[in-house]
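Coordinates in review
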Amino acid sequence: MSCTNFRKIDQLRRQIPSFACVPGCHDCCGPVTASSEELSRLPVKSDAEHDAALAHWNCVHLGEHGCEAYDQRPLICRLFGTTPSLPCPHGRGPDTPTEEHVERQVHQLIASTRQVLV
């Protein structure tokens, strides 16, 4: 794992604004991919847990009360709802959307790293 990638991920995280989701909504919690660095920060799940989540098109970290790994969620999860290209289906979002150059950097990082299904 690259220390450079860890630093880049942390830098990008700080530049993606948060917003209040609709309580109980988990529309963005489908299966996603993450880099090895991001995956290393998430709780380890069994193959059976992954299979069960995928059978319902959910993320393995989606629990009864929402994301069980929210503080460590991957960049793509953080980006959801903060850009015109990944809009919240309920029209929610931050007062100031993620800047275009930050979104590009997230997508460049995703494209340049080995991605693993979460």
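Look above for the structure.
Now for a description of the structure that goes with this document. (Residues numbered from 1 in each chain as written. Predicted model: local features only at pLDDT ≥ 70, side-chain atom pairs only at ≥ 80, totals over all residues. Heavy atoms only, no water.)

What follows covers the packing of aromatic side chains. Going through the model one piece at a time under the given rule, you end up with 0 aromatic pairs. Across the ring face of Tyr70, the terminal group of Arg73 is positioned such that the distance to the ring centre comes to 3.8 Å. (Phe/Tyr/Trp six-rings, centres within 6.5 Å; stacked < 30°, edge-to-face > 60°. Lys NZ or Arg CZ within 6 Å of the ring centre and 35° of its normal.)

What follows deals with helix H5 (residues 100-112). An ideal rise of 1.5 Å per residue puts 18 Å on 13 residues; H5 measures up with 18 Å between its terminal C-alpha atoms. Within H5 the residues assigned to the buried category are Val102, Glu103, Val106 and Leu109. On an axial view of H5, the arc spanned by its buried residues comes to 125°, and they lie on one face. Across H5 from its buried face, at more than 90 degrees, point the exposed residues Glu100, Gln108, Ala111 and Ser112. (Helix = DSSP H or I, 4+ residues; strand = E, 2+ residues; numbered from the N terminus. Expected span 1.5 Å × (residues − 1). Buried < 20%, exposed > 50% of the residue type's maximum accessible area, 1.4 Å probe, protein only. Arc of directions from axis to C-beta.)

This brings us to the packing of helix H1 (residues 3-15) against H5. Remark: H1 packs on H5, axes separated minimally by 10 Å, with the N-to-C direction vectors making an angle of 150°. Judged by the angle between their axes, H1 and H5 are roughly antiparallel. Like other packed secondary-structure pairs, H1 and H5 cross with a definite hand, here left-handed. Residues Asn5, Lys8, Ile9, Leu12 and Gln15 of H1 form the contact with H5, whose participating residues are His101, Val102, Gln105, Val106 and Leu109. (Axes fitted to C-alpha atoms, helices over the stretch in contact; angles between N-to-C directions. Parallel < 35°, antiparallel > 145°, perpendicular 65-115°, else oblique. Left-handed = near helix turned anticlockwise from the far one by under 90°. Contact = heavy atoms within 4.5 Å.)

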